[in-house]
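Coordinate inspection notes
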Amino acid sequence: MPHFVMDCSNTVLNSYDETYIIEQIYLVANESGLFAANDIKVRLNPFTTYSVGNKTEDFIHIFAHIMQGRTTEQKANLSQQLVARLVTLFPDIPNIAMNISDFEKATYC
């Protein structure tokens, strides 16, 4: 815990390789101070077939799944920091977004 899963158009990998992108997501998550460094998990899913507004337009979306207990402010700050890093890395991609979902301690195993 936590899990950061990045879905993106496959052309994103023309700018940077998967390892570098995963490292950047990890660094921002770790710098947030919200998680133990060894607990952060990052995965990347590039898609060759996709639709954004009924067009084939490049996109990045990070789905973060974290244990409950962080404040809305902490989660918003984490989202803003990650999106800001991605916008810096990929200034030509018009669709960069992120959302955070909480796991319930009672049901996580």
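Residues numbered from 1 in each chain as written. Predicted model: local features only at pLDDT ≥ 70, side-chain atom pairs only at ≥ 80, totals over all residues. Heavy atoms only, no water.

1. Thoughts on the sheet that holds strand β2 (residues 41-47)
Taking strand neighbours across the sheet as the criterion, the four strands line up as β2-β1-β3-β4 in an open arrangement whose pairing is mixed. What marks the edges here is a single partner per strand, and that holds for β2 and β4 (95-103). Neighbour-to-neighbour, the strand axes of this sheet turn through a mean angle of 15 degrees, independent of strand direction. By the bridge criterion, six bridges tie strand β1 (residues 3-9) to strand β3 (residues 59-67) in an arrangement that is antiparallel. (Pairing = 2+ DSSP bridges. Helix = DSSP H or I, 4+ residues; strand = E, 2+ residues; numbered from the N terminus. Axes fitted to C-alpha atoms, helices over the stretch in contact; angles between N-to-C directions.)

2. What about the pairing of β4?
Where β3 and β4 come together, nine bridges link them in parallel fashion. For Phe59, the partnering residue across the bridge sits in β4 and is Asn95. One crossover worth recording links β3 to the parallel β4 by way of helix α2 (residues 72-89), and it is right-handed. (Right-handed = clockwise from strand over helix to strand, strands pointing away.)

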